[in-house]
Amino acid sequence: MQTTASTPTNAPPVTAQHAEASGLTNDTPFNIINRASKLQSVRKSPINTLPEEIILHIFKLGASSRNSQKRIDFAVLVSHVSCTWRNVAFSCSSLWSDITITADNMHSVDGELAIVNASLLRAKEFASRSRVFPLSVRLRLFITPNIVCLEPGTIMIMNWLRLVLPRVKYLSIHCDTLQVAWLVMKHLHTAPMETLETCKLKYGTTVLSFHHSIIPPPLVRFLFLAGQNEEKAAVNFFPKLARVKVSGFPVSWSQWSLTHLTFLSINFMSLHDRPSMDMLKHVLTINRETLEKFEIQGAIQQFGTLPRNADELPTNLPRLADLTLGYLSQWEAIIFFLHFEAPALKHLKLCDISRSILAQHWPQDFKDGFDLNNPIIQNMPALQPFNNFSSTILLENLVYGWSSLLERVETLALEHFSLPPLFSNLFLQDNDPLKQSHGARVVLAYRMLQTCTQLRRLALINPEECFIHALNMYPNGADTDDTENSGPAPALTHLYLASSHPDRLMLFLKRRAESLAKEEGPHMLDYLELATEKKDVGHLLKAIVSDHIDLSHLAKSSLVTEWQGSFTT
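Residues numbered from 1 in each chain as written. Predicted model: local features only at pLDDT ≥ 70, side-chain atom pairs only at ≥ 80, totals over all residues. Heavy atoms only, no water.

Colleague: So, the overall build of the chain: which residues are in play, and what are the values?
Modeller: What the chain contains, in helices and strands, is 20 helices and 18 strands. Put simply, the chain has 569 residues, and 48% of those count as buried. At a minimum sequence separation of 6, the contacts of the chain that also span at least 24 residues come to 77%. Here the chain has roughly 27900 Å² of accessible surface; of this, 54% comes from carbon and sulfur atoms. (Helix = DSSP H or I, 4+ residues; strand = E, 2+ residues; numbered from the N terminus. Buried < 20%, exposed > 50% of the residue type's maximum accessible area, 1.4 Å probe, protein only. Contact = heavy atoms within 4.5 Å. Areas by Shrake-Rupley, 256 points an atom, 1.4 Å probe, with all protein chains shown as cover.)

Colleague: I'd love a proper account of the packing of helix α7 (residues 150-164) against helix α8 (residues 178-188), names of residues and values included.
Modeller: For the pair α7 and α8, interaxial distance at closest approach is 10 Å and the crossing angle is 20°. Taken as axis vectors, α7 and α8 run roughly parallel relative to one another. Handedness of the α7/α8 crossing: right-handed. From α7, Leu150, Glu151, Thr154, Ile155, Met158, Asn159, Leu161 and Arg162 reach across to α8, where they touch Gln179, Val180, Leu183, Val184, His187 and Leu188. Here the residues of the contact of α7 with α8 are counted per class, giving 8 nonpolar, 4 polar and 2 charged. (Axes fitted to C-alpha atoms, helices over the stretch in contact; angles between N-to-C directions. Parallel < 35°, antiparallel > 145°, perpendicular 65-115°, else oblique. Left-handed = near helix turned anticlockwise from the far one by under 90°. Nonpolar A, V, L, I, M, F, W, Y, C, P; charged D, E, K, R; others polar.)

Colleague: Describe a nonpolar patch on the surface, with residues and values.
Modeller: Residues Ile47, Leu50, Ile54 and Ile58 make up a contiguous nonpolar surface patch of about 280 Å² in total accessible area. With respect to the helices and strands, the residue Ile47 is situated in the loop between α2 (30-43) and α3 (52-62). Exposure remark for Ile47: the relative accessible area of 32% places this residue in the partly exposed category. (Patch = residues over 30% accessible without salt bridge, like charges linked within 9 Å, V, L, I, M, F, W, Y side chains within 5 Å. Salt bridge = Lys/Arg side-chain N within 4 Å of Asp/Glu carboxyl O.)

Colleague: So, the pattern of salt bridges: which residues are in play, and what are the values?
Modeller: One pass over the structure, following the stated rule, counts 13 salt bridges. Two residues, Asp98 and Arg138, come together in a salt bridge whose shortest N-O distance is 3.1 Å. Of the two residues, Asp98 sits in strand β1 (residues 98-102) while Arg138 sits in strand β4 (residues 135-141), which places them 40 residues apart along the sequence. A residue is classified by how much of its surface remains accessible, and Asp98, at 9% relative accessible area, is buried. Notably, a salt bridge pairs Glu292 with Arg319, separated by 3.1 Å at the nearest N-O pair. Of the two residues, Glu292 is situated in the loop between α10 (277-285) and β9 (293-297) and Arg319 in the loop between β10 (315-316) and β11 (322-327); the sequence distance between them amounts to 27 residues. Several salt bridges converge on common partners, so that one network encompasses Arg71, Asp98 and Arg138.

Colleague: Before we move on, can you summarise unusual backbone geometry with the specific residues and values?
Modeller: Although it is not a glycine, Arg131 adopts a positive phi angle of roughly 55°. The residue Arg131 is located in the loop between α6 (118-129) and β4 in this model. The class of Arg131 is partly exposed, set by a relative accessible area of 44%. At His416, a residue that is not glycine, the phi angle is positive and equals roughly 60°. Tracing the chain through its elements places His416 in the loop between β14 (411-415) and α16 (425-428).

Colleague: Now, about the nonpolar core: what can you tell me, with residues and values included?
Modeller: One recurring pattern in soluble globular proteins: nonpolar side chains tend to sit buried together. Ranked by size, the top nonpolar core spans 138 residues in total, and within it Leu161, Phe294 and Phe337 carry the most contacts. It is helix α17 (residues 440-451) that provides the largest number of residues to this core, a total of 7 residues. Those residues in contact with Leu161 that lie beyond four places of it in its chain are Val137, Leu139, Val168, Leu171 and Leu188. The next biggest cluster of nonpolar side chains, apart from the first, holds 12 residues, and it includes Cys351, Leu358, Ile376 and Phe389. (Core = buried A, V, L, I, M, F, W, Y, C linked by side-chain atoms within 4.5 Å.)

Colleague: Tell me about the pairing of strand β13 (residues 347-352), residues and numbers included.
Modeller: As judged from the 6 bridges shared by β11 and β13, these two strands associate in the parallel manner. Each residue of the ladder has a partner; that of Asp322, found in β13, is His347. Judged from the 5 bridges that link them, β13 and β14 form a sheet pairing that is parallel. When the sheet's bridge partners are listed, Leu348 is paired in β14 with Leu412. (Pairing = 2+ DSSP bridges.)

Colleague: Quick one: what's the story with the environment of Ile376, residue by residue and with numbers?
Modeller: Within the secondary structure, Ile376 is located in helix α13 (residues 375-378). Sequence separation between Ile376 and Leu358 is 18 residues; the distance between their C-alpha atoms is 8.8 Å.

Colleague: Describe the packing of aromatic side chains, with residues and values.
Modeller: Enumeration over the complete set of coordinates arrives at 14 aromatic pairs. Relative to Phe74, the ring of Phe59 lies with its centre 6.3 Å away and its plane at 85°, an arrangement referred to as edge-to-face. Separated by 15 residues along the polypeptide, Phe59 in helix α3 and Phe74 in helix α4 (residues 68-78) bring together distant segments of the chain. The class for Phe59 is buried, based on a relative accessible area of 2%. An angle of 70° between the planes, with centres 5.4 Å apart, marks the rings of Phe59 and Trp85 as edge-to-face. Placement of Phe59 in helix α3 and of Trp85 in helix α5 (residues 83-91) is noted, with a sequence separation of 26 residues between them. In this structure, Phe59 and Trp85 share a single accessibility class: buried. Aromatic ring contacts, followed pair by pair, group Phe294, Phe336, Phe337, Phe340 and Trp402 into a single cluster. The ring centre of Trp96 lies 4.5 Å from the NZ or CZ of Arg129, which sits over that ring. Above the ring of Phe427, the side-chain terminus of Lys435 is found at 4.0 Å from the ring centroid. (Phe/Tyr/Trp six-rings, centres within 6.5 Å; stacked < 30°, edge-to-face > 60°. Lys NZ or Arg CZ within 6 Å of the ring centre and 35° of its normal.)

Below you can see the structure in the form of structure tokens.
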């Protein structure tokens, strides 16, 4: 017979056991006892046994993401886990130093008596928790359905921002209405920012580059980042400011007073808001001793002047190592190179932004190419006269006229380069033996690669087939007995190819594999990245498998992925 062990008569009831374990009385409801028991087990979990200094260090690592919104979300998340975590989070000032304020959640209360902005309320709380730690502030002030709140809401935001400006280390402002841009600049002008190191201002979109002007003639250009007069220009409102990025904002270039910049970016200005070449020279000259990186895209004067005479030397930028030029016409880039020289240049990016902007904003109209008779092109002042989106003469000048510039470059990016057969005498008069066996465009692309003797990293975005052929020609693409014309091309370590035509990527892979199989031509890369549109990634991978192409034979590390930039700048 099976017997059942009985519970000793002196044992307390189960609920009493839980009550004793949790320090609660016997008459406490069981559901509360159960939750308390679970809470006790949480408190005994390994993470809560760590010293607070270790938890604090983990929090700082978690807040090191490059994405500002992820840093903000992380701070909120860890402060809601437990009392211990909340106390540690509140003790970490740097955890609350990222602030983003938007206009999309503004709404009125009791008609127009008050305006509530949830992101502003959170910003005030973050600023308080960060104590005296330097702040990173981002304003995203876009048109919303509740547009009546936009202007008074912006004033409310800027009034609060002025209170914390002495603590702001990083400031980024993006708006899409001229009135809001004017309000922002009005509040910032002459406001001292002793801690500010990075300032980014963006108005509108890249399409501004195609417009005559965005400001009616009676209105003046914005004076922020410029001295209003000699007396105010002498006052240094930004003693630590080293990095400035301006996009779309119509700046008063003649009164520019910022010096000691290490990074400057001027992008996507309407035709009448771009700095003249003399003004650009002034801005860069007063920063020549410190400027290390310069970007100018859609902001080079369209019909800039050539050097006044042959004896006029270009302006020297001795420390400039990183240069990005985005042009609507190749002559904008050519004129820039005629006016400036950079003996320390190592990183160069060239982009035909006219093609990229058109493809981005009117994808259906230009999916089959860029037609001269397209009414969109005809109605764009910045694209007149139409130049077939050519970069041919620019590349000719780089290869045959400014070869010393290419010889120093270690990183090169060419985006949306088009090489129609519209050659100048620089190329036509060159008796290159390669012309006998290869097309003219392939020869020019090959000579460009060959001239870059220090090149290690190359990025080609939407390259034409001539670049694909040139990549697989070198270093042994010419007559090996002709050392003058067939010297080895650079030993690339990193190659990035992005194309909306996956067949071009496959063409590159096939020819690369053939060259490596013969143990001639290009060597194995350290890294190879192939990118195409999302819908074509799977097809590209299948084609690689079906053609038995082993990417590990082409590069030590490789990646086939979606091109995140949508083939635009």
